[in-house]
Structures are given as C-alpha cells and as structure tokens.
Amino acid sequence: MDGDFRTQFVREPNNLKHHPALVLNADYRPLSYYPLSLWPWQEAIKAAWLDRVDIVAEYDDVVRSPSTQIRIPSVVVLKDYVKPQKRVAFTRFNLFLRDEFCCQYCGAKGDLTFDHVVPRARGGVTSWENVVAACSGCNLKKGSKSLRQVGMSLRKPPRQPGAEEMRNMGRKFPPNFLHDSWLDFLYWDAELDA
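Rules used throughout
- Residues numbered from 1 in each chain as written.
- Predicted model: local features only at pLDDT ≥ 70, side-chain atom pairs only at ≥ 80, totals over all residues.
- Heavy atoms only, no water.
- Buried < 20%, exposed > 50% of the residue type's maximum accessible area, 1.4 Å probe, protein only.
- Helix = DSSP H or I, 4+ residues; strand = E, 2+ residues; numbered from the N terminus.
- Pairing = 2+ DSSP bridges.
- Core = buried A, V, L, I, M, F, W, Y, C linked by side-chain atoms within 4.5 Å.
- Contact = heavy atoms within 4.5 Å.
- Axes fitted to C-alpha atoms, helices over the stretch in contact; angles between N-to-C directions.
- Arc of directions from axis to C-beta.

Quick notes on the pairing of strand β1 (residues 21–24)
A two-sided burial pattern is seen for β1, the buried positions comprising Ala21 and Val23 on one face and Leu22 and Leu24 on the other. Two strands pair when backbone bridges link them, and β1 and strand β2 (residues 38–39) are joined in this way by two bridges, in the antiparallel orientation. Pairing of leucine 22 across the sheet is with leucine 38, part of β2. The sheet contact formed by β1 and strand β4 (residues 69–78) spans three bridges and is parallel. Looking at β4, one finds that valine 23 is bridged to valine 76.

This is the structure we're talking about:
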C-alpha cells in the first residue's frame, strides 16, 4: 500500500481536509476510532439543521447562507444511540488493522497485500483464521506452498478479532489530523501520568 494508509480507506478524503467534524455516539464515544468517525463539515451542519445531532464544539470559521450564519461544528453528538457492531466484518481494511498494518511474516509495514496461510490451491479457505497481511515479497516467496516448505513462520496466529479488540486496536493509529477540540473525546479513558 503506497501513500498514506490512513486516507486510503476514507470514501472521500478530500472532503475531510477542511474542517471535519468528529462524530460521537450518544454516549460521547466516537462511533469508530479507526478509521476515526469523521464527517465533512457539510454533513455535520445538515445533521444539526435536521436536529439529528447536538453540536459540542465548533471551529472559529463560519459558513453563511443569504439568511443564516453558523460556526462550523468540530464535534457533534448523535441524539440517538447507535448500537456498536458485535461482529467484525471480514474486510481487507479490518484484516490490516488486526495485523497492525504489518506483514505477518517479516514485519514490513509497506506494500501490503493479503495471503492465505493454507493456500487455496491446497483447500485453504478465505477466513479470519487463514488469511494474514503480507508484504508483496513474502507473498511471492510463499506462493502456493506451505509455511514449512518455504521455511517461513507467522509472527502471531491468525484469528477472528472481537469488536472491542478492534476498537482498541484502532486507537493505536491516530489519523494525521487531530483537532484540539477532539482530544477530550478520543482519549478520555487513557491512563493518566502520575
């Protein structure tokens, strides 16, 4: 994966470059930590106008219409609680997040793809327990052979992660941009220094 992996999984990263709003659930926790639950400022204003969110913090900048002026929201809270998913979807992004964006054979952090530990040609299935993140070099070296045949080993065995584990894992990878008004809501349960 070339470039910044943090923006490759956001649908429209350019919309988030200017005044994104952190979206919190009704319990004041982010809907997700990774990717961080952000809306473009236009969506945040629309949701506030439709009375679906409360604005908790704002940027200094304003937007204007012919009849209204509003400060751009930087943190919004949903009025209705969204129940977190208990099951983690098996996606490329979640697989990379589970494996901490590094090759499970050599530890490399760039040019990632995924690999079937037991190759599909040998009856391996595409599942949490058989697929790992791998760099292109290791993936090519392994090919459709077993780990023993190529003398490779896994850094940790693949397994299906839990939803809470994935939320905690996502917190290890903060996005490039963190507005000051977000910090109290992102790391409120972090261990305090004595």
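So, next bit.
Remarks on the nonpolar core
Counting residues in each nonpolar core, the largest one holds 25 residues, and the members touching the most others are Leu97, Phe101, Cys103 and Tyr105. Elements represented by at least two residues in this core include exactly α3 (92–98), β6 (131–135), α5 (147–150) and α6 (163–170). The element best represented in this core is β6, accounting for five residues. Core analysis: the next-biggest nonpolar cluster, separate from the first, contains 14 residues, Leu36, Ile45, Val77 and Leu186 among them.

Remarks on the sheet that holds β2
Read across the open sheet, the four strands follow the order β2-β1-β4-β3; overall the sheet is mixed. Two strands close off the open sheet at either side, each with one partner strand: β2 and β3 (53–64). Strand direction decides the pairing type here: β3 and β4, joined by eight bridges, are antiparallel. From the neighbouring strand, glutamate 58 faces β4, where its bridge partner is proline 73. Helix α2 (residues 41–49) contacts β1, β2, β3 and β4 of the sheet and is inclined by roughly 125 degrees relative to β3.

So, α2
Ala44, Ile45 and Ala47 are the residues of α2 that are buried. Along the axis of α2, the buried positions cluster into a sector of 160 degrees, meaning they face one direction only. In the core, the buried residues of α2 are packed alongside β1, β2, β3 and β4. Taken from the residues just after α2, aspartate 51 is the one with a positive phi, measuring 60 degrees.

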